[in-house]
Amino acid sequence: MPDAVAARGALRVVGQPVARHDARDKVSAATAYAADWALPGMLHAAVLRSPYPSARIVRLETKRAAAMAGVAIVLTAKDVPRNTLATDVPGQTTAVGPLRATLHVLAEDRVRHQGEPIALVAAETLELAQAAVEAIEIEYDVTPGVFTPEAALAPGAPAVHGTGNQLARWRVARGDVARALQDAAVVVEGEYTTQLVDAAYLEPESGVAWIDSDGVITIRLSTQVIEHFRDVAEVLQVPQNRVRVIGTYLGGGFGGKEDVTVEAYLGLLALKTGRPVKMVWTRQESLLSRAKRHPYRLRYRTGANANGEIVAQQIELLADAGAYAYLSALVLLYSTVTAAGPYRIANVEVDARVAYTNNPPTSAMRGFGAMQTVFAYESQMDRVARTLGMDPLALRRVNALRRGDTLPVGQVIETHVALPELCEKAWAALGPPAPPRAPHLKVGRGLACNFQPYGRIVWLHDWASAWIGFEMDGSLVVRCGCPDVGGGQASSLCQIAAEVLGVPLTRISVHVSDSALTPLAGTTTASRQLYMSGNAVLKTARELRAPLLRVAATLLGGDADELDMDEGNVTTPDGRTLPIARLLAECARVGVPRSHLGVYHAPAGEPVDLARGSGKVFPDYTFGAHAAEVEVDTETGVVRVLGYAAAHDVGRAINPQSVEGQIQGGAVQGLGYGLMEEVVVEDGINLTTSFATYLIPTAADVPDVRAVVVESGEGLGPFNARGIGEPPIGPPAAAIANAIEDATGARLTRLPITAERVARGLGLLEDAS
């Protein structure tokens, strides 16, 4: 059956920069975030955390704390029904079988990183809870730790866990790399270091839990994954239908709220006390305790012919997992798949490893492993261009992937690759070069490209569901278990439903992120929600529309395929209309449903052998190119970003305003990564536990980012959209490094690129080593 929406040509709602449904509440401070909720008789919770990165717990005594007036309960590991959280890692095996990433809810006999939780307290006030934490008596036996992945993998290194310290390893081998490097006209070698960084969202981890009148443990919190109700049920050893997770609008997530944060603690305390419980982490606690972005050491050997064709890449990646596995193996997989960049290269070797250490744990963060590699491969591209005397844009144009090319892992690129166009548009968007303001101020420009998967690994057989229903007056309700992390996810679902069902946005209500009342839609991670939930809503809307129009055809005459829905009416090609409310009354009379539950299943596959380059890993990729203009003070090393442009092929922009916001926000976050952000850790001790020491960009630090939106119409999302949540964060660090070299000739290979490091690169300071 032909799609009437597609047949009519121009889209009416999709593609319009409409105001998001939650915008007014947010700008007027009316949105209720997780920490804003309170219930009568509510307890307040606090956590005892380890001050040491590696130690045995010799003695733990809670009697004095539990006896304090106003303290309701004190819990330790022995009080947790199942003291383990676990995640299966597809495609990775150990000596005893498939890799299963586990961590303790509360530490048992040993702590493995500073900030590891040991005990929980719930009391009548937060001050009492904190005092009770201080009253817990604990003795430690500090043990030797390992604080770099190199040290962790050395023979005889202390074991962070019972087995060896190597958590995971991925390899890729395509072509004859040694021969290609031998025959290359130039070979460029580089070693790069990326740092430990924090998601640094403004809203810390927080939530409230209570037991409802039906005995269901209900947890309202700031999370990217409402499906964690299953994890909480496992910890509490109760049936999964006895736990409900309600996700609030987030004050930032960026991957940091993908893993379990406060859910299990709140569930435990509510179950044990029978009372509502609130937990809000302090800023210090948040920066100390949550998982970070992985620091990497990346070694590249890149070979090219005299015409600029990249003929070989030999790549070694080493990442720091910190004390627990979390999602490190999968982050490393993303790095492995993207390590060679968005380029056509016949000969590629990648050896990627991640090791346990006694540093803070690392896990998901925006970019998810495909970000660290951009800094290395785009630095290499500029170095090859400089060595050959080529224009950096021309080098990328020669090597850019095209539809039909095969990645080193064996995946065929099935959609359009707009990389040359993106490079030209980003470069042009910078405008005329800025003249130097003084002799010691040098101005330079840099370019960086990237490609980022959107959607989860095809081995995971991803799916999302949605429910759409008409009320009798023609208004529409959309329900989808999609957490809205601030990127406009819920509003995009409304636009998609409005496009298909012809209902004005003002007459659509949307309910999201409730594990009991909204159909499950999976995680708001991996740039997947528009792709997955958007497709689920599109599929559901189309399946609801078809039978309604068949009923309309009996009232209007003619063929149902020729009817359309617009502005609350069914319309005919000759201009006649039927109000949707009247259609719904007829549907009620003849027994045709006015609501529908739909499920979208993403393209699926089985785990492949990356080393043999044997197949598909991700559904598709989003491509981007960023251009930066910087001013470098050659007397101090201070870098000022004068101009920045970011171009991405988004397939189709469901809401151009939201798309531009994602591109601008991601680019600014990437500039912070490139220029200032770093969690400083010395021997496992975090020295940056406030925003006074962990620096993030302010409006004074960055220029206006020019977002260039390209719409090829070839994505796999609804109306051919591509994911855009993560891709813009990737290129900025490399673009800045390339611009600094263009201005000064100094190549910076370690992030962040601080004034001190630039000064060393310029020879103004002695090397720290």
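On a predicted model such as this, the values are computed, not experimentally measured, just so you know.

**Concerning the packing of helix 7 (residues 229–236) against helix 8 (residues 263–273)**
Geometry of a packed helix pair, given as the angle between the helix axes and the separation of the axes.
Then step 1. At their nearest, the axes of helix 7 and helix 8 sit 9 Å apart, and the two run at 50 degrees to each other. Between helix 7 and helix 8, the interaxial angle falls into the category oblique. Crossing hand, helix 7 versus helix 8: right-handed. In contact with Val232, Val235 and Leu236 of helix 7, helix 8 contributes Glu263, Ala264, Gly267, Leu268 and Leu271.

**So, the sheet that holds strand 24 (residues 577–579)**
Then step 1. Taken in spatial order, the three strands make up an open sheet running 22-23-24, and their pairing is antiparallel. The sheet is open, and its two borders are formed by strand 22 (564–566) and strand 24, each paired with just one other strand. In this sheet, adjacent strand axes meet at a mean angle of 30 degrees when their direction is disregarded.
Then step 2. Where strand 22 meets strand 23 (residues 569–571), three bridges bridge the pair, whose relative direction is antiparallel. Looking across to strand 23, one finds that Asp566 is bridged to Asn569.
Then step 3. With respect to the sheet, helix 16 (residues 580–590) is in contact with strand 22, strand 23 and strand 24, its orientation differing from that of strand 24 by roughly 70 degrees.

**Quick notes on helix 13 (residues 419–429)**
Then step 1. For helix 13, the full list of buried residues reads Leu419, Leu422, Cys423 and Ala426. The arc that holds the buried residues of helix 13, viewed along the axis, is 100 degrees, so those residues lie on one side.
Then step 2. Buried residues belonging to helix 13 abut helix 12 (392–399), strand 18 (441–454), strand 26 (620–633), strand 27 (639–649) and strand 30 (705–710).
Then step 3. Following helix 13 by one or two positions, Gly431 adopts a phi angle in the positive range, close to 80 degrees.

**Re the packing of helix 17 (residues 656–675) against helix 18 (residues 732–744)**
Then step 1. Where helix 17 contacts helix 18, the axes come no closer than 7 Å and their chain directions differ by 55 degrees. With respect to their mutual orientation, helix 17 and helix 18 come out oblique. Handedness of the helix 17/helix 18 crossing: right-handed. Of helix 18, the residues touching helix 17 (which contributes Ala667, Gly670, Leu671, Tyr673, Gly674 and Leu675) are Pro732, Ala733 and Ile736.

**What about the side chain of Asp382?**
Then step 1. Position of Asp382 relative to the elements: it lies in helix 11 (residues 372–388).
Then step 2. A distance of 2.9 Å separates the side chain of Asp382 from the side chain of Arg396, its partner in a polar contact.
Then step 3. In this view, Asp382 contacts Pro392, Arg396, Leu447, Asn738 and Arg747; residues no more than four positions away in its chain are not counted.

**Thoughts on unusual backbone geometry**
Then step 1. In this structure, Pro752 follows Leu751 across a cis peptide bond, with omega equal to -5 degrees.
Then step 2. Residue placement: Pro752 occurs in the loop between helix 18 and helix 19 (755–761).
Then step 3. Non-glycine residue Ala200 carries a positive phi angle of around 55 degrees.
Then step 4. As for its placement among the helices and strands, Ala200 is situated in the loop between strand 10 (186–194) and strand 11 (206–211).
Then step 5. Judged by its relative accessible area of 9%, Ala200 is buried.

Reading the values: the criteria
Here the residue index of a chain counts from 1 through its sequence in written order. Totals for whole chains, interfaces and linings use all residues, but because this is a predicted model, local features are given only for residues with pLDDT of at least 70 and pairs of side-chain atoms are given and counted only at 80 or more. Calculation of side-chain values draws on the structure's entire complement of heavy atoms; hydrogens and water are dropped beforehand. Each axis is a line fitted through C-alpha atoms, and for a helix only the stretch in contact is used; angles between axes span 0 to 180 degrees, taken between their N-to-C directions. Numbering goes from the N terminus for both helices and strands, where a helix is a DSSP run of H or I of at least four residues and a strand is a run of E of at least two. Our angle categories are set so that under 35 degrees counts as roughly parallel, over 145 as roughly antiparallel, 65 to 115 as roughly perpendicular, and the remainder as oblique. Each crossing is labelled by how the near helix is turned from the far one, with a counterclockwise turn of less than a right angle marking it left-handed and a clockwise turn marking it right-handed. Contacts between residues were defined by any pair of non-hydrogen atoms, one from each residue, lying within 4.5 Å. Strand pairing is assigned whenever DSSP identifies at least 2 bridges connecting the two strands. Relative accessibility decides the category of a residue: with a 1.4 Å probe and only protein chains considered, values under 20% of the type maximum give buried, values over 50% give exposed, and everything between is partly exposed. Summarising the geometry, the arc corresponds to the directions from the helix axis toward the C-beta atoms. Two N or O atoms form a polar contact when they lie within 3.5 Å of each other; inside protein one atom must be a possible hydrogen donor and the other a possible acceptor, and for residues adjacent in sequence the pair counts only when both atoms belong to side chains.

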